[in-house]
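# Examination of the molecular architecture
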Amino acid sequence: MPASFDRSGAGDALWVPLTLSTADLQEFRRRYLTVTARLAPGVSVAQAAAAIDRAEREMNARYPVWGNGYGGQVHLVSDDLVGNVRARLFILLGAVSFVFLIACVNVANLLLARGGARAREMAIRASLGAERRRLLRQLLTESAVLSLIGGVAGVALAYALVRGLVAASPPNVPRIDEARIDGVVLLFVLVAATLCSVLVAGDVALALSLLTGAGLLLRTAWAINHVDPGFDGNHVLTARVLVPVSRYPDLASGARTYRAIRDAVAATPGVQSSALTSAVPLGPTLQAGVGAEGQPMTDGTRLITAVRMVSPEYFTLLRIRLLAGRDFTDRDGATAPLVAIVNETTARKFWPGQQAVGKRIEGMDPSHRHLMEVVGVVADPRNISLDQTPAPEFYIPFEQMPPALWGAIQASMVVVARTTPDPSTMERAIRRAVDTVDPSLPIANVATMDDLMTSSRAAARFNTLLLSVFGAIALLLASVGVYGVVAYSVPQRTREIALRMALGATDAGVARLLVRRALGPIALGAVVGVMLTGATTPLLRDQLYGVAPGDLTTVATVTVLLLLVSLGAVCIPAWRAMRISPARALAD
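### Focus: the overall build of the protein chain
On a plain count of helices and strands, the protein chain comes out with 18 helices and 11 strands. Considering only contacts in the protein chain between residues 6 or more positions apart, those separated by 24 or more positions represent 80%. Carbon together with sulfur atoms contributes 62% to the accessible area of the protein chain, which is approximately 32,200 Å² in total.

Here you go:
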């Protein structure tokens, strides 16, 4: 592997050889390893999945305990690393392209306006003997100088903005630290700018599409900020504690230590209550395949759900509503009957229209011997992300977790504490409480639930910020472009305007004439923009929450805003036209 290899994306990491005992190799009920392979040349993911499926069926035939509802899943490592960031980057690339195209159009419009204002100058130079080639060379030289100055300033601004972008980016954006100004990108911009200089229309349409996307993301951010997470994270502090296997070789010894830690934290001044969990809301958790007792279980049909190992008072501490049944108690220990609590989604999936309490589910053991009685149903907390629909999930008492899960979580649990003062001020107190049990235990990932919720919203806020900035730039550029077109038309129509005013036209009448003439391309651009919006906003579907891609309110609001700004840009050249002196214009 090269020195730059980073499979986890988590920075520093320690890699150790995988050692499996004979018992491990003969234990077919445990499924906790991930196989990473490089596809052979010409082999697709679908072909690899078909090969894995055949291997699963062969294993089922040789070892009946192998299957029982489990199935292999094949996906690309790049998809794991990049996730939905790829779609977000393509959306931002489209937004940048729109802004770039609008800028090119505006440059063309402003040069036309500037050329119209210099028509007399060019006529005088031509009458004095200047050849067309000489005039063209002069204009090209002036444009090149302006382009060079603008290019240098743009590269400097881009360098600063890229550094700011990296600093402001949310966590877990793959390889964001490698973002930089690239020579290939600069060359592409140079070539594209040359080609785009021939365009003279489309500002309003492009700006409308981009602003609509920004408006949809703004409404998404607002919806996420006001979504009910299904739990109360105010005044809650979390900290992960790890008990070393060398000193706590099994779950029983580790559980005793964790119970003591929970009680020590709960007795800390300023702490209202304390609980334990294998994973906090909005954080990664383990997945397990489960099924309902009595329902047929065939290969690949198990329900893959999140599983969290928790202590009593976990639901009460986070104020997750108990809809039916009871909470866990200290009596649900290692020797007690196996129990579980499911969320609403799991209950509806397994027992639609029925009472889930009293039913049994089996999971974490393909032999169907690990049966757990459902003793409670809780409301769906948004444990994955605030903008994702709650997924199937179940909870088990942490003292009843199978040995495989104890190893999977590496004997670590999260201490959750609800505090009276600001939880960020309680970190030292929590550490001291853990030290009273065992001062050698490491503590990591100390954070408040408010911080975790802010982090969950960070990606949506970042996307909204970027697209809003691009939308604002597009709005500004569109108004400048409209101004350039109208400003270009005024010198061309100076004599017409002068004649109208000499024949009795009022200043207001001249202004209305120019505004009415400008309304045509603006309205056409708005119509085209609405159609373009209908084609582009569906690309944002995966990034939206609480609003549809074709939301009429957003489209109408953006359209009205763009029309008002465009009309405002028309007012400046219209005001200049009102100041034309009929006598001087006709004399010229």
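### Looking at the packing of aromatic side chains
Evaluation of the coordinates by the stated rule reveals six aromatic pairs. Aromatic side chains Tyr314 and Phe315 sit 5.4 Å apart centroid to centroid with 75° between the ring planes, which places their arrangement in the edge-to-face category. Classification of Phe315 as buried rests on a relative accessible area of 3%. Judged by centre distance (6.3 Å) and plane angle (45°), the ring pair of Tyr314 and Tyr395 falls under tilted. One end of the pair, Tyr314, is in helix α10 (residues 314-318); the other, Tyr395, is in strand β9 (residues 393-397), and 81 residues separate them in sequence. An identical accessibility class is assigned to Tyr314 and Tyr395; each is buried. By way of ring pairs, the aromatic residues Tyr314, Phe315, Phe328 and Tyr395 are connected into one cluster.

### Describing the environment of Leu386
Here Leu386 lies in the loop between β8 (371-378) and β9. Considered as a pair, Leu386 and Asp228 are 158 residues apart in the sequence and their alpha carbons are 8.2 Å apart. Apart from the residues lying within four places of it in its own chain, the contact partners of Leu386 are Ile224, Val227, Pro229, Leu282, Met453, Ser456, Arg457 and Tyr545.

### A word on the packing of helix α9 (residues 251-266) against helix α13 (residues 427-437)
Between α9 and α13, the shortest axis-to-axis distance is 9 Å and the interhelical angle comes to 140°. One way to sum up the angle between α9 and α13 is to call them oblique. Here the hand of the crossing between α9 and α13 comes out right-handed. Between α9, through Thr257, Ala260, Ile261, Ala264 and Val265, and α13, the contact on the second element is made entirely by Ile430, Ala433, Val434, Thr436 and Val437.

### A look at a nonpolar patch on the surface
On the surface, Leu524, Val527, Val528 and Met531 cluster together into a nonpolar patch covering about 380 Å² of accessible area. Within the element layout of this structure, Val527 appears in helix α16 (residues 507-536). The exposure class assigned to Val527 is partly exposed, which follows from its relative accessible area of 48%.

### Some points on the nonpolar core
One finds Tyr258, Ile361, Phe394 and Met401 to be the most contacted residues of the largest nonpolar core, which totals 48 residues. Of the residues forming this core, the biggest block, six residues, is contributed by α9.

### Quick look at the pattern of salt bridges
All chains considered together, the criterion is met by 13 salt bridges. Here Asp232 makes a salt bridge to Arg319, at a shortest N to O gap of 2.5 Å. With Asp232 in the loop between α8 (203-225) and β1 (236-242) and Arg319 in the loop between α10 and β5 (322-325), this pair connects stretches of sequence that are 87 residues apart. Its relative accessible area of 47% is what places Arg319 among the partly exposed residues. Its salt-bridge partner being Glu293, residue Arg360 comes within 2.7 Å of it at the nearest N-O pair. Of the two residues, Arg360 is situated in strand β7 (residues 360-363) and Glu293 in the loop between β3 (286-292) and β4 (303-310); the sequence distance between them amounts to 67 residues.

### Focus: the pairing of strand β10 (residues 412-419)
Of all the eight residues making up β10, eight are buried; the element is thus mostly covered by neighbouring parts of the structure. Of the two faces of β10, the one lined by Ser412, Val414, Val416 and Arg418 and the one lined by Met413, Val415, Ala417 and Thr419 are each fully buried. One ladder, built from seven bridges, connects β1 with β10; its direction is antiparallel. By the bridge assignment for β10, Val241 is matched with Met413.

### As for the confidence of the model for the protein chain
Of all residues in the protein chain, 68% attain a pLDDT of 70 or more, and the chain-wide mean is 76. Taken element by element, the predicted model of the protein chain shows its lowest mean pLDDT in helix α7 (residues 183-196) (52) and its highest in strand β6 (residues 339-343) (94). In this model, residues 192-201 is a region of pLDDT below 50 whose contacts with residues beyond four sequence positions or in other chains number 14 contacts.

### Some thoughts on unusual backbone geometry
Backbone geometry places Arg319, a non-glycine residue, at a positive phi of 55°. The phi dihedral of Asn445 is positive, around 55°, even though this residue is not glycine. Positionally, Asn445 belongs in strand β11 (residues 443-448).

### Observations regarding the environment of Ser566
On the secondary structure map, Ser566 appears in helix α17 (residues 552-578). Residue classification places Ser566 among the buried positions, given a relative accessible area of 1%. Sequence-wise, Ser566 and Val204 are 362 residues apart; in three dimensions their C-alpha atoms are separated by 8.2 Å. Once you skip the residues sitting within four places of it in the chain, Ser566 turns out to touch Val204, Val482 and Ile522.

About the thresholds
- Residues numbered from 1 in each chain as written.
- Predicted model: local features only at pLDDT ≥ 70, side-chain atom pairs only at ≥ 80, totals over all residues.
- Heavy atoms only, no water.
- Helix = DSSP H or I, 4+ residues; strand = E, 2+ residues; numbered from the N terminus.
- Contact = heavy atoms within 4.5 Å.
- Areas by Shrake-Rupley, 256 points an atom, 1.4 Å probe, with all protein chains shown as cover.
- Phe/Tyr/Trp six-rings, centres within 6.5 Å; stacked < 30°, edge-to-face > 60°.
- Buried < 20%, exposed > 50% of the residue type's maximum accessible area, 1.4 Å probe, protein only.
- Axes fitted to C-alpha atoms, helices over the stretch in contact; angles between N-to-C directions.
- Parallel < 35°, antiparallel > 145°, perpendicular 65-115°, else oblique.
- Left-handed = near helix turned anticlockwise from the far one by under 90°.
- Patch = residues over 30% accessible without salt bridge, like charges linked within 9 Å, V, L, I, M, F, W, Y side chains within 5 Å.
- Salt bridge = Lys/Arg side-chain N within 4 Å of Asp/Glu carboxyl O.
- Core = buried A, V, L, I, M, F, W, Y, C linked by side-chain atoms within 4.5 Å.
- Pairing = 2+ DSSP bridges.
- pLDDT = per-residue confidence, 0-100.

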